[in-house]
Amino acid sequence: MTLTDSTSTTINRAGIRYGDPDFVLGATSPVIEHQLRHRSVRAFLPTPVTEEELRAIVAAASSASTSSNLQAWSVIAVTDPERKRRLSDLAARQKFIIEAPLFLVWVADLDRGHRLAERDSKPLGATVYLESTLLGVIDAALAAQNAVVALESLGLGSVFVGAVRDHPEEFAEELGLPPHSVAVFGLAVGHPDPTEDADVKPRLPQTAVLHRETYDAGRADADLPEYDERLAAYNRAHGLTGAWTERVLARLAGAASLAGRDRLRDILERRDLPSR
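Residues numbered from 1 in each chain as written. Predicted model: local features only at pLDDT ≥ 70, side-chain atom pairs only at ≥ 80, totals over all residues. Heavy atoms only, no water.

Per an unreviewed UniProt entry, the protein chain carries the name NADPH-dependent oxidoreductase and comes from Streptomyces malaysiensis subsp. samsunensis. UniProt, in its Sequence similarities (unreviewed entry) section for the protein chain, records the words "Belongs to the flavin oxidoreductase frp family." (UniProt positions renumbered as here; feature names shortened; annotations may be inferred.)

The structure is reproduced here in structure tokens:
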């Protein structure tokens, strides 16, 4: 099924999402069509994100699922230009962090539980285990994804910033994070610059990610060469190089390709998140 945009032109957004004009959804909705338009935005207009827009974004984030309703996440809204500049320096000097009017830093936050335990003189021994650290990271990720869907519905754009994990201790110091917490990723937010040379990037075909009953590696990998061609074509159209397979292998080649994130276990322990 396809929907019609405001110019009465029928657009197969699912086909665009997969880079395959023959892929058509038989069931869709305005929400799904909205999600299919998602793309990362790395060029922003100087127009500020309003306080009301921020409150709406956080309300959507708070509506995400959370394990046992622990809500083990927090988010730091950064708008100060000098602080954004310092955070950009720590996050691979990505200039869109400076240019975006709002930079949200998402935090796996188990310190709230520790404060409650201290207030009520109760034990809190489970936070030293990997399960609890994962819980905080997953809660933060679910909240942030809800935020992205919401902000895009308001006409805003964003891009996730994993380079926050290049220097998590320095991020913690800059943002005044308490122990038992760690910044897991950032989100640059603002009004998209319409001149940016970017579009909806094709994703892996459903045959690569959707398994039925049991995992089928052979079937999942069968269409990867065709996907490589589709993504390479997208890259060429936007002045980029390489195919998906090359990027995967380069990004996961070894410790050096992790840009310092191979030290995360030791850093988590120093942040009082030993993750046993």
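**Comments concerning the overall build of the protein chain**
Along its length, the protein chain carries 13 helices and six strands. Here the C-alpha atoms of the protein chain give a radius of gyration of 20 Å, agreeing with the 19 Å that 2.2 N^0.38 yields for 276 residues. The C-alpha extent of the protein chain, read off along each of the three principal axes, is 60 × 45 × 35 Å. In the protein chain, buried positions account for 42% of the 276 residues. Pairs at least 24 apart in sequence give 74% of the contacts found in the protein chain among residues at least 6 apart. On the protein chain, roughly 15400 Å² of surface is accessible, and the fraction owed to carbon and sulfur atoms is 54%. Counting 31 positive and 39 negative side-chain charges, the protein chain places the centres of these two groups 2 Å from one another. (Helix = DSSP H or I, 4+ residues; strand = E, 2+ residues; numbered from the N terminus. Rg over C-alpha atoms; globule rule 2.2 N^0.38 Å. Buried < 20%, exposed > 50% of the residue type's maximum accessible area, 1.4 Å probe, protein only. Contact = heavy atoms within 4.5 Å. Areas by Shrake-Rupley, 256 points an atom, 1.4 Å probe, with all protein chains shown as cover. Lys, Arg positive; Asp, Glu negative; His and termini not counted. Charge placed at Lys NZ, Arg CZ, Asp CG, Glu CD.)

**Description of the pairing of strand 4 (residues 102–109)**
Summarising burial for strand 4: eight of the eight residues are buried, a large majority. Residues Leu102, Leu104, Trp106 and Ala108 of strand 4 are buried on one face, and the alternating residues Phe103, Val105, Val107 and Asp109, pointing to the opposite face, are buried as well. The sheet contact formed by strand 3 (residues 73–78) and strand 4 spans six bridges and is antiparallel. The partner of alanine 77 across the bridge, within strand 4, is leucine 104. The pairing of strand 4 with strand 6 (residues 181–190) spans eight bridges and is classified as antiparallel. Bridge pairing in strand 6 links valine 107 to alanine 183. (Pairing = 2+ DSSP bridges.)

**Let's talk about the UniProt feature "domain: Nitroreductase" (unreviewed entry) in the protein chain**
What UniProt calls "domain: Nitroreductase" (unreviewed entry) maps, in this numbering, to residues 38–191. Its end C-alpha atoms 14 Å apart, residues 38–191 is made of 45% helix and 19% strand.

**Here's the deal with the environment of aspartate 89**
When you line up the elements, aspartate 89 lands in helix 4 (residues 81–90). We classify aspartate 89 as partly exposed; its relative accessible area is 40%. For the pair aspartate 89 and histidine 167, spaced 78 residues apart in sequence, the C-alpha to C-alpha distance is 10.0 Å.

**Re the side chain of glutamate 174**
For glutamate 174, the position within the fold is in helix 8 (residues 168–175). Under the relative-accessibility criterion, glutamate 174 is labelled buried at 19%.

**A few points about the pattern of salt bridges**
Inspection of the entire model under this criterion finds 13 salt bridges. Two residues, arginine 230 and aspartate 20, come together in a salt bridge whose shortest N-O distance is 3.6 Å. Of this pair, arginine 230 sits in helix 11 (residues 224–237) while aspartate 20 sits in the loop between helix 1 (13–18) and helix 2 (30–36), and the two are 210 residues apart along the sequence. For the pair arginine 230 and aspartate 20, a shared accessibility class is recorded, and that class is buried. Notably, a salt bridge pairs arginine 219 with aspartate 223, separated by 3.5 Å at the nearest N-O pair. (Salt bridge = Lys/Arg side-chain N within 4 Å of Asp/Glu carboxyl O.)

**Description of a nonpolar patch on the surface**
A surface patch of nonpolar side chains, amounting to about 320 Å² of accessible area, comprises Leu130, Leu134, Ile138 and Leu142. As for its position among the elements, leucine 142 is in helix 7 (residues 130–153). By relative accessible area, which is 37% here, leucine 142 ends up partly exposed. (Patch = residues over 30% accessible without salt bridge, like charges linked within 9 Å, V, L, I, M, F, W, Y side chains within 5 Å.)

**As for the sheet that holds strand 5 (residues 157–161)**
Reading across the sheet, the four strands line up as 3-4-6-5 and stay open at both edges, with antiparallel pairing between neighbours. The open sheet is flanked by strand 3 and strand 5, the only strands paired with a single partner. Neighbour-to-neighbour, the strand axes of this sheet turn through a mean angle of 25°, independent of strand direction. Of the pairings in the sheet, the one linking strand 5 to strand 6 comprises five bridges and is antiparallel in character. Following the sheet pairing, valine 159 is matched in strand 6 by alanine 188. Along the sheet face, helix 3 (residues 51–62) touches strand 3 and strand 4 and points at about 30° away from the line of strand 4. (Axes fitted to C-alpha atoms, helices over the stretch in contact; angles between N-to-C directions.)

**Focus: the packing of helix 3 against helix 7**
Axis separation between helix 3 and helix 7 bottoms out at 7 Å; the angle between their running directions is 135°. Relative to helix 7, the element helix 3 lies oblique. Here helix 3 and helix 7 pass one another in a crossing that is right-handed. Contacts between helix 3 and helix 7 involve Ile57, Ala60 and Ala61 from the first element and Ala143, Asn146, Ala147, Ala150 and Leu151 from the second. Class assignment of the residues belonging to the contact of helix 3 with helix 7 gives a composition of seven nonpolar, one polar and no charged. (Parallel < 35°, antiparallel > 145°, perpendicular 65-115°, else oblique. Left-handed = near helix turned anticlockwise from the far one by under 90°. Nonpolar A, V, L, I, M, F, W, Y, C, P; charged D, E, K, R; others polar.)

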